[in-house]
Amino acid sequence: MTDALVFDKVSHAYNGTFAVSDVSLDVKPGEVVCLLGPSGCGKTTVLRLAAGLEAPNAGEIRIGGNTVASQSRVLPPEKRQIGFVFQDYALFPHLSVLENVVFGLDGVAREDRRTRAMSFLERVGMERYAATYPHELSGGEQQRVALARALAPEPPVVLLDEPYSGLDARLRDSVRDEVLHILKQSDAAALLVTHDAEEAMFMANRIVVMKDGAVVQSGRPEVLWCRPQSAFVAAFFGDVNRFAGQVHEGSIITPFGPVPAPHLPEGSDAMVVVRPEALRLRMSNGQEQPQATVMQSRLLGRTSLIHLDVPDMALIGDDHIHARIPGLFLPQVGAGVSVDIDLDQAFAFAASGG
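Bear in mind that the values here come from a model prediction, so they are computed numbers and not experimental data.

The rules behind these values
Residues numbered from 1 in each chain as written. Predicted model: local features only at pLDDT ≥ 70, side-chain atom pairs only at ≥ 80, totals over all residues. Heavy atoms only, no water. Helix = DSSP H or I, 4+ residues; strand = E, 2+ residues; numbered from the N terminus. Buried < 20%, exposed > 50% of the residue type's maximum accessible area, 1.4 Å probe, protein only. Core = buried A, V, L, I, M, F, W, Y, C linked by side-chain atoms within 4.5 Å. Lys, Arg positive; Asp, Glu negative; His and termini not counted. Salt bridge = Lys/Arg side-chain N within 4 Å of Asp/Glu carboxyl O. Polar contact = N/O pair within 3.5 Å; in protein donor to acceptor, adjacent residues only side chain to side chain. Contact = heavy atoms within 4.5 Å. Pairing = 2+ DSSP bridges. Axes fitted to C-alpha atoms, helices over the stretch in contact; angles between N-to-C directions.

What follows is about unusual backbone geometry. For Glu154, which is not a glycine, the phi torsion comes out positive at approximately 55°. Positionally, Glu154 belongs in the loop between helix 4 (139–151) and strand 7 (157–161). For Glu154, a relative accessible area of 53% translates into the label exposed. Of note, the phi angle at Asp187 is positive, near 65°, even though the residue is not glycine. The residue Asp187 is located in the loop between helix 5 (169–186) and strand 8 (189–194) in this model. The exposure class assigned to Asp187 is partly exposed, which follows from its relative accessible area of 49%.

Looking now at the nonpolar core. In this structure, Leu121, Leu147, Leu160, Leu183 and Met203 are the most contacted members of the largest nonpolar core, which totals 50 residues. Counting residues in hydrophobic clusters, the runner-up holds 30 residues, among them Val10, Leu47, Ala51 and Leu75.

Right, let's get into the side chain of Glu162. With respect to the helices and strands, Glu162 occurs in the loop between strand 7 and helix 5. Buried and unpaired, Glu162 has no salt bridge, with Lys43 as the nearest side chain of opposite charge at 4.5 Å. Here the side chain of Glu162 touches His195 through a polar contact of 3.1 Å, side chain to side chain. The residues touching Glu162, leaving out its near neighbours within four places in the chain, are Lys43, Gln87, Val193, Thr194 and His195.

This brings us to the sheet that holds strand 1 (residues 5–14). Across the sheet, four strands lie side by side as 2-1-4-5; this open sheet has antiparallel pairing. At either margin of the open sheet sits one strand with a lone partner, and together these are strand 2 (17–27) and strand 5 (66–69). Here the average twist between neighbouring strands, direction ignored, is 35°. Looking at chain direction, strand 4 (residues 58–63) and strand 5 are connected through three bridges and run antiparallel. Residue pairing in the sheet places Arg62 in a bridge with Thr67 of strand 5. Sheet strands in contact with helix 1 (residues 43–51) are strand 1, strand 2 and strand 4, and its direction is about 115° off that of strand 1.

Take the pattern of salt bridges next. Where charged atoms from two side chains of opposite charge come close, those side chains can pair. Applying the stated criterion to the full structure yields 15 salt bridges. Here Glu277 ties to Arg324 by a salt bridge, and the two come within 3.7 Å at their closest N and O atoms. Remark: Arg324 occurs in strand 18 (residues 321–326) and Glu277 occurs in the loop between strand 14 (269–274) and strand 15 (279–283); sequence separation between them is 47 residues. Measuring nitrogen to oxygen at the nearest pair gives 3.7 Å for the salt bridge that ties Arg280 to Asp342. Of the two residues, Arg280 is situated in strand 15 and Asp342 in the loop between strand 19 (336–341) and strand 20 (346–350); the sequence distance between them amounts to 62 residues. Here the salt bridges do not stand alone but share partners, grouping Asp3, Asp26, Lys28, Glu31 and Arg206 into one network.

As a further point, take the environment of Leu192. Relative to the helices and strands, Leu192 is located in strand 8. With a relative accessible area of 0%, Leu192 lands in the buried category. When the C-alpha atoms of Leu192 and Glu162 are compared, they prove to be 7.1 Å apart, with 30 residues separating the residues in sequence. Beyond its immediate stretch of four places on either side in the chain, Leu192 contacts Val33, Cys34, Leu35, Leu160, Pro163, Tyr164, Glu199 and Met203.

Encoded structure:
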C-alpha cells in the first residue's frame, strides 16, 4: 500500500532559524496520525509544508507516491488534493453553509456540486443548516461544516490544525468522537495537530511527538505511554513526579524501593519519573515507619489526588509529590502513609535526559 503522505528528512527555517529540522513521518490511507508537542515545536509548520503554504529548505514531501515538494519542485496548494481544517475553521462569512461546502468542489461537475455538498453535510449532521450562515452557528457546528468542506472533494489527505481548541471541554469530547468516526468512514489519511496528549491518544493510530522542531519519538499511543524514551515524552502524557538518584547495581534507590535502570552506567547520576497513578498508598498502622505525610487530599471525580511530603526524596522541580488513587480516598492532612511503586509506570533516565 502506497503511503498517502510522506515527509522524508524535511527541514524548514524562518529567517535562518529552523522551525522544522530533519522531520520524517508517513501517514497511510485510513490512518489518523497526531503531531503532539508544546507550542512552538513546529507542528503547524509541518501542516503548512504538507499543504504547500510553505516550501521546504531540505528534504522531500510525497502525496500518493508523487513528489509535491523538494528543493527543486514545489507543487502549489490547489494541485495537492489536500483538505485542510483550520484552527479557526476559516468559513466564508458571506456564504451559507451549503455554499461554503460547494466552494471547494471545482473539480466536480457543476450539476453535481449541490448534491455532493448536501451528502457531506448529512454525513456530519448539518444538512438542516444548509441555508444558515456561519455566524449563526455554534463552535461545534462550525467545526463540522469545516470538516464537511474539507472532505467533500474526497481528498486522499486531510490536515487538521488544533480543530477542537475553541470548544468547551464537554463539547470537545463529543465532537472529536464524531469527527473520528467521520474520518474513518472517509478512508482519508489524516494528520492532526494538537498539544493535548489525551486528545492525541483518543484520535490517533500513531502519535509523533515533537520538540524544538524535531521528532523525539513516534509510535502507537500505548507504546508512547508505556515505553517513553525520554523524561520529556513521559511528562507530556500527564503529570509526573521526578526525583534524582544514582545507579547502583542496575537500579536507582528511592525511598519507596529500587527502580530498575539496567540501561544506565553504574554510578551515574539519574532521574526517576513516576506517574501519580503508579503510587499505591497504605495507611500507617503504627508498626512501620511511614514513608510520606499527607499534605492535601482532593476528590477529582473518578480519582482522588493526594499531595505527599517525602523528606528523604531528592525531588526535581517541586517540593512534594502527587499520588492519584482510583475512587474516593481522602486521608486526613498529617496522616502517615507507606508507598509502593508500580514499576510499569516508573521510568529511569540519565540525569541529563530532560
